[in-house]
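# Structure at a glance
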Amino acid sequence: MKGLNIIIVTGLSGAGKSTCLKCLEDIGFYCVDNLPSVLIPKFVELCVHSNEISKAALGVDIREKDFLEGLDSIITKLKKNYKVEIVFLEASEDILLRRFKETRRPHPLSPDKPIIEGIKIEKKVMEELRDMADRIIDTSSYSVHKLRDALIPYYASGSPNRRMNISLISFSYRDGIPYDADLLFDVRFLPNPFFVEGLNHLSGNDKRVVDYVMSKQESTDFFKRLYSMLDFLLPLYERESKSYLTIAVGCTGGRHRSVVVVNELKGYFECKGYNPVVQHRDIGDIDK
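Residues numbered from 1 in each chain as written. Predicted model: local features only at pLDDT ≥ 70, side-chain atom pairs only at ≥ 80, totals over all residues. Heavy atoms only, no water.

### Quick look at a nonpolar patch on the surface
The grouping of Leu109, Ile121 and Val125 at the surface amounts to a nonpolar patch, some 200 Å² of accessible area in total. Within the fold, Ile121 resides in helix α5 (residues 115-125). Judged by relative accessible area, Ile121 falls into the partly exposed class, the value being 41%. (Patch = residues over 30% accessible without salt bridge, like charges linked within 9 Å, V, L, I, M, F, W, Y side chains within 5 Å. Areas by Shrake-Rupley, 256 points an atom, 1.4 Å probe, with all protein chains shown as cover. Salt bridge = Lys/Arg side-chain N within 4 Å of Asp/Glu carboxyl O. Helix = DSSP H or I, 4+ residues; strand = E, 2+ residues; numbered from the N terminus. Buried < 20%, exposed > 50% of the residue type's maximum accessible area, 1.4 Å probe, protein only.)

### Considerations on unusual backbone geometry
Backbone geometry at Asn34 places phi at a positive 60°, although glycine is not the residue there. For Asn34, the location among the structural elements is in the loop between β2 (30-33) and α2 (40-50). Residue classification places Asn34 among the partly exposed positions, given a relative accessible area of 29%. Despite not being glycine, Arg104 shows a phi value in the positive range, around 60°. Here Arg104 is to be found in the loop between α4 (93-103) and α5.

### Comments concerning the packing of aromatic side chains
All told, the structure shown has ten aromatic pairs when counted by the stated rule. Seen in terms of ring centroids, Phe189 and Phe222 are 5.4 Å apart; in terms of plane orientation they differ by 70°. Their pairing is edge-to-face. Taken as a pair, Phe189 in the loop between β7 (183-186) and α8 (207-214) and Phe222 in helix α9 (residues 217-239) lie far apart in primary sequence, 33 residues in all. The exposure class of Phe189 is partly exposed, given its relative accessible area of 44%. (Phe/Tyr/Trp six-rings, centres within 6.5 Å; stacked < 30°, edge-to-face > 60°.)

### Considerations on the sheet that holds strand β3 (residues 55-59)
Spatially, the five strands line up as an open sheet ordered β2-β3-β1-β4-β5, and their pairing is parallel. Taken across any chain shown, the strands that pair with only one partner, and hence form the sheet edges, are β2 and β5 (135-138). For this sheet the average axis-to-axis angle between neighbouring strands, irrespective of direction, equals 20°. The sheet contact formed by β2 and β3 spans four bridges and is parallel. Pairing of Val32 across the sheet is with Leu58, part of β3. The sheet contacts of helix α7 (residues 144-155) involve β1 (5-11), β3, β4 (83-90) and β5, and relative to β5 the element is tilted by about 160°. (Pairing = 2+ DSSP bridges. Axes fitted to C-alpha atoms, helices over the stretch in contact; angles between N-to-C directions. Contact = heavy atoms within 4.5 Å.)

### Topic: the state of the cysteines
Counting across every chain of the model gives zero disulfides. Unpaired in terms of disulfides, Cys20 finds its nearest cysteine sulfur in Cys23, a separation of 6.5 Å. Cys20 supplies the cysteine sulfur nearest to Cys31, a cysteine that is in no disulfide, at a spacing of 8.3 Å. (Disulfide = S-S within 2.5 Å.)

### Quick notes on the packing of α2 against helix α3 (residues 71-81)
Their axes nearest at 10 Å, the elements α2 and α3 cross at an angle of 25°. With respect to α3, the axis of α2 lies roughly parallel. Residues Ile40, Pro41 and Val44 of α2 touch α3, and the partners they reach there are Leu71, Ile74 and Leu78. For the contact of α2 with α3, the class distribution of residues is six nonpolar, no polar and no charged. (Parallel < 35°, antiparallel > 145°, perpendicular 65-115°, else oblique. Nonpolar A, V, L, I, M, F, W, Y, C, P; charged D, E, K, R; others polar.)

Here is the structure:
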């Protein structure tokens, strides 16, 4: 069995296939939607030769012409060499009807007819593929977040609760606020090492600057409150399926105080099991 896991995501139109693919992408799968069945073996071959893709998810649905033709034999052949799983998404007729009406989109099988006719036709056409499915998920009562929660235990590597990607940026207010910050902290209230003889030419990466900043009562009180707030926010962000969190910390020149704070935050997140990415954007500048 070769080292490539493949999930084929299919099911009824409106049951959440696109959402499912987005969820799988968030937990590390390389995802392709609406790939013609005849191209699936070639796609798998390219994944194997890339040496970088170990998990792939393919969205296959009724939009493809000759939808089921040859698909069963393709899947049978793939299962001989790879770990292949078919996930079939469905929902009750009334829920599907409501979803189509909410999006104001026609059903792909009944563009000029009542939506319910397309739903009934599709259910009939998809019976064979549904019988082949390894996992059937009824999304009638699912929100986007509940569907993600249903997928995580089966397909996320390691812990069922995938950690967010954390980015930490120190910056100078003189050069502008990072445009992609989710949380932003102004630490210009902390004592400035720039005005201390022997420290102004150093950066927040230097232990002497760190000791100066962290020895102040303002810093102690600030970090106590900051960590408490993050302890409160992180579980809520992850519950809402937030994949990325960017925290920007600014001071006057982006060289001393903001660098110290970002480095301290890096240690905090590592203790929480995250692997934060740190960027000291303006560390080459000098505080004024």
